[in-house]
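# An overview of the molecular structure
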Amino acid sequence: AVSAGNVDAQLFIGYDAGVKIDTGPLIIDEQPCFNAYLTVAATDVTGDGTAYTVLFDTAPINKTSSYNTGTGVFTAPVDGSYLFIANVRVTGITTACTQENIYIVTSNRTYRAKWDLPANAQGGDVTRQISCIADMQASDTASVQIENTGDSKVHDISIVATCTYFSGALLN
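Only a predicted model underlies this, so the values are computations on that prediction, with no experimental measurement involved.

## Topic: the pattern of salt bridges
For side chains bearing opposite charge, pairing can occur when the charged atoms are close. Going through the model one piece at a time under the given rule, you end up with 3 salt bridges. The closest approach of N and O atoms between Arg 89 and Asp 125, which form a salt bridge, is 3.9 Å. Of the two residues, Arg 89 is situated in strand β12 (residues 80–93) and Asp 125 in strand β15 (residues 124–136); the sequence distance between them amounts to 36 residues. On the basis of relative accessible area, Asp 125 is assigned to the partly exposed category, the value being 42%.

What follows is the structure in structure tokens.
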């Protein structure tokens, strides 16, 4: 329903998502939007060049139920431009690690943020971020991968909810 002052009207857009307009902000019911985070640590998942798909297993915001907490994959319900943001806390990194990568992998393109580490760089814990605007069609997917190289498979993904999350929303 659309409301503006004393005028009410019904408006449907695309897949029957209602739009409500009143004296405040524009609200679109069932606008694809999610925020997911990790509640179970993933241990020994990378370091040796393994690209690990992060399973963000809790999604307190998941309009349209398009993010699957069992697989870690978002499936676009409609065509459009989507904003994705990922933040991943990696622990257990040793001084042998030479490169750190975080990816947003979509059906059409892989987005990458890369960090080359100098020889004998300090090991420990890092938080890596990536964001992108992806052009997607209905049924296209998006997920997050982390890949570290030069070390053995001893790197873990931390469960701190404010440090390890994946969010996405339809822009238009």
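## A short note on the nonpolar core
Taken as a class, soluble globular proteins show a tendency for nonpolar side chains to be buried jointly. Ranked by size, the top nonpolar core spans 33 residues in total, and within it Phe 84, Val 88, Val 144, Ile 157 and Phe 166 carry the most contacts. Broken down by secondary-structure element, the contributors of at least two residues to this core are β6 (33–37), β7 (42–46), β12, β13 (99–106), β14 (110–116), β15, β16 (141–149) and β18 (165–170). Top element by residues in this core is β12. It accounts for 6 residues. In this structure, Phe 84 is in contact with Phe 34, Phe 74, Ile 104, Ile 130, Ser 131, Cys 132, Ala 134, Met 136, Ala 142, Phe 166, Ser 167 and Gly 168, ignoring residues within four places of it in sequence.

## Some points on the packing of aromatic side chains
A complete count under the given rule lists 10 aromatic pairs for this structure. When the ring of Tyr 67 is compared with that of Phe 166, the centres are 6.2 Å apart and the planes differ by 80°; the resulting orientation is edge-to-face. Taken together, the residues Tyr 67 in strand β10 (residues 67–68) and Phe 166 in strand β18 connect sequence positions 99 residues apart. Their ring planes at 10° and their centres at 6.1 Å tell us that Tyr 82 and Phe 84 sit as a pair that is stacked. Residue Tyr 82 shares its accessibility class with Phe 84, and that shared class is buried. Here a set of aromatic residues connected by ring pairs shows up, and it is made of Phe 34, Phe 56, Tyr 67, Phe 74, Tyr 82, Phe 84 and Phe 166. Over the face of the ring belonging to Trp 115 we find Arg 128, whose NZ or CZ atom lies 4.2 Å from the ring centre.

## Structural notes on the pairing of β14
The side chains of a regular strand alternate, first on one face of the sheet and then on the other. Where β13 and β14 come together, 7 bridges link them in antiparallel fashion. Bridging across to β14, Asn 101 finds its partner in Lys 114. The antiparallel hairpin formed by β13 and β14 contains 3 residues in its connecting segment.

## Side note on the confidence of the model for the protein
When the pLDDT values of the protein are averaged, the result is 85; 80% of them are 70 or greater. Confidence over residues 1–16 falls short of pLDDT 50; this stretch has 25 contacts with residues more than four positions distant or in other chains.

Calculation criteria
Residues numbered from 1 in each chain as written. Predicted model: local features only at pLDDT ≥ 70, side-chain atom pairs only at ≥ 80, totals over all residues. Heavy atoms only, no water. Salt bridge = Lys/Arg side-chain N within 4 Å of Asp/Glu carboxyl O. Helix = DSSP H or I, 4+ residues; strand = E, 2+ residues; numbered from the N terminus. Buried < 20%, exposed > 50% of the residue type's maximum accessible area, 1.4 Å probe, protein only. Core = buried A, V, L, I, M, F, W, Y, C linked by side-chain atoms within 4.5 Å. Contact = heavy atoms within 4.5 Å. Phe/Tyr/Trp six-rings, centres within 6.5 Å; stacked < 30°, edge-to-face > 60°. Lys NZ or Arg CZ within 6 Å of the ring centre and 35° of its normal. Pairing = 2+ DSSP bridges. pLDDT = per-residue confidence, 0-100.

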